[in-house]
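Structural overview
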Amino acid sequence: MALVTCNFTCLSILSDQPSWNKLIKKQVLKGNTNQAIQSYINMQKLGFYADNFTFPILLKAVGRASFLCTGLQLHGQTLKTGFYDHVYVQTAVLNMYASLGLIEVAHKVFDKIPVKDLVVWNSILDAYASIGQMGIAMELFDSMPVKDVLSYNIIVSGFAGAKRIEYAREVFDEMPVRDIVSWNSMILACTNAGNMVDARELFDEMPQRNVITWNTMIMGYVRNQLYTEAIHLFLEMIDGSVKPDYLTLTGALSACSNLRSLETGTEIHIYAKNHKQASTPHVVTALIDMYSKCGSLENSLEVFYKSQNKDIYCWNAMISGLALHGYGNAALKLFEEMTERENNMKPDDITFIGLLSACSHAGLVQEGCELFDSMKRDFKITPKKEHYGCIVDLLSRAKLLDRAFRVIETMPFEPGESILGALLSACVTHQELEVGEKVMKMICEKGKDLSDGEYMMFANLYASCGLLEEANKWRSMMNDLGVVKTAGCSIIEVNGRFYKFLAGEVKIPQE
């Protein structure tokens, strides 16, 4: 109580309205929305009242924080005090409702604003574009009396998010003036649509680039599984004038993880250390993941335990790393350490995917089943399809194929290809025809064309059980339908360059 009195007394030295506005704005910028609201209450107790500067700051904060009740109260107070007549306040009310997901209310606010300036138009435009309602957004865009570069950027960005590259390009080409945001939005549209060729052409063509440009391209390459290109672009970036940030490093390390490129990943780690970027949680998580997937669990553990700021993603990455290497008991021990009072880290659904995977690889059936049961009971986490998949894999590896099939039958989801494939693969390994045929039936009942992998698995099931005639039947069916088995490939790194080999290939591979 003394602390509250002290704080209130200290705040009372603020002697004018602008000082209160500065304090509230400072608290909002720091993300302390609750403190800002409390300061607003204290301000009124001391005889000061909000004005056309106070309301927009608070309305923006409560919108971002999803404080609907507080937002409604603030809206009412703007009407009561007469400040709602200010277009700046009206725009803030519109943006607040849009942030709260009440797009229809936001549109009603927009319709009732008597004099709509460009900021108001762009606000309602962004409200619709940000939620993917591009039909209405385009109607508004076409009806705007005046447009600026922001108006165009909002539309291009909206189409980028909706993966409608042709519409984004049409608007982009019509722009009378483009800024760096315009180019970045168009590149994002291309990467989201998987068109990295056009994305690279835009990247090379644009007059100026910033770190967002580079990050968009690198992450675009990673999302589209062009990992070698992502690393090459990163290496090109560090030789230029624009310096990488933590997102750049995360993207490059992710590419190394997928390529299993320990050498390049280690070089990026050294770069991050030299530029004092190796300690941010994002980069720490990416390093743990990279070292784990590249086979260097020792380095992964070293990064983890040296990190002073571990978030849930760091813990999850380390648990998954131990799982990948078959250290199930170590993963369970790390989970206990994570949830101890001194760390006070609450697990999430990804944590349990790592733990269940660890139990699966280590054959810890009882521990895995207990963890699965504890998710909802102890941590209020509802199991997802991925968790059921881990349980099926756990039971399948332990030769408990009937139990695994019962899990599939009773799970509250339609089983996906990976779950059915895991059980069918186990049936092949353990020569379990009865359960295997049940799984085959479930796959066939999905009503889609079988993949090359499914045909091969069906044939291998019968072959493993000595039913060669039935196995040949499935192979013949595959050949008759023209289904070709996808060739396997390997990627090797030589002197910083990556080469892909296809199975059966005799020519020198292309870089």
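Conventions used here
- Residues numbered from 1 in each chain as written.
- Predicted model: local features only at pLDDT ≥ 70, side-chain atom pairs only at ≥ 80, totals over all residues.
- Heavy atoms only, no water.
- Core = buried A, V, L, I, M, F, W, Y, C linked by side-chain atoms within 4.5 Å.
- Buried < 20%, exposed > 50% of the residue type's maximum accessible area, 1.4 Å probe, protein only.
- Helix = DSSP H or I, 4+ residues; strand = E, 2+ residues; numbered from the N terminus.
- Contact = heavy atoms within 4.5 Å.
- Expected span 1.5 Å × (residues − 1).
- Phe/Tyr/Trp six-rings, centres within 6.5 Å; stacked < 30°, edge-to-face > 60°.
- Salt bridge = Lys/Arg side-chain N within 4 Å of Asp/Glu carboxyl O.

1. Section: the nonpolar core
- Of all hydrophobic cores here, the largest spans 152 residues; its most connected members are Met186 and Leu423.
- Top contributing element to this core by residue count: helix H20 (residues 312–324), with 8 residues.
- Among all residues touching Met186, those that are not within four sequence positions of it are Val156, Ile165, Ala168, Arg169, Phe172 and Leu202.

2. A word on H20
- With 13 residues, H20 should reach 18 Å at 1.5 Å per residue; the first-to-last C-alpha distance of 18 Å fits that figure.
- Where burial is concerned, most of H20 is hidden: 10 out of the 13 residues are buried.
- Every buried residue of H20 is accounted for by Ile312, Cys314, Trp315, Asn316, Ala317, Met318, Ile319, Gly321, Leu322 and Ala323.
- Contacts from the buried residues of H20 go to helix H18 (281–293), helix H19 (297–306), helix H21 (328–338) and helix H22 (349–362).
- Count one or two residues on from H20 and you reach Gly326, which has phi positive near 85 degrees.

3. Focus: the packing of aromatic side chains
- Following the criterion strictly, the structure yields 18 aromatic pairs and no others.
- With a centroid separation of 6.2 Å and an interplanar angle of 50 degrees, the aromatic rings of Phe55 and Phe83 are classed as tilted. With a gap of 28 residues between them, Phe55 in helix H4 (residues 54–64) and Phe83 in the loop between helix H5 (68–81) and helix H6 (87–99) connect regions that are remote in the sequence.
- The class for Phe55 is buried, based on a relative accessible area of 1%.
- One aromatic cluster is present, formed by Tyr40, Phe55 and Phe83 through successive ring pairs.

4. Considerations on the pattern of salt bridges
- Overall, the coordinates contain 11 salt bridges when judged by the stated rule.
- The residue Arg200 makes a salt bridge to Asp204 at a minimum N-O spacing of 3.1 Å. With a gap of 4 residues between them, Arg200 and Asp204 both fall in helix H13 (residues 196–205), about one helical turn apart.
- For Lys446, the salt bridge identified is with Glu414, shortest N-O distance 3.9 Å. On the criterion of sequence distance, the pair formed by Lys446 in the loop between helix H27 (433–444) and helix H28 (452–464) and Glu414 in the loop between helix H25 (401–410) and helix H26 (417–429) is long-range, its members being 32 residues apart.
- Here Glu414 falls in the exposed class, since its relative accessible area comes to 57%.
- Look at the salt bridges and you will find they share partners, linking Arg169, Asp173 and Arg178 into a network.

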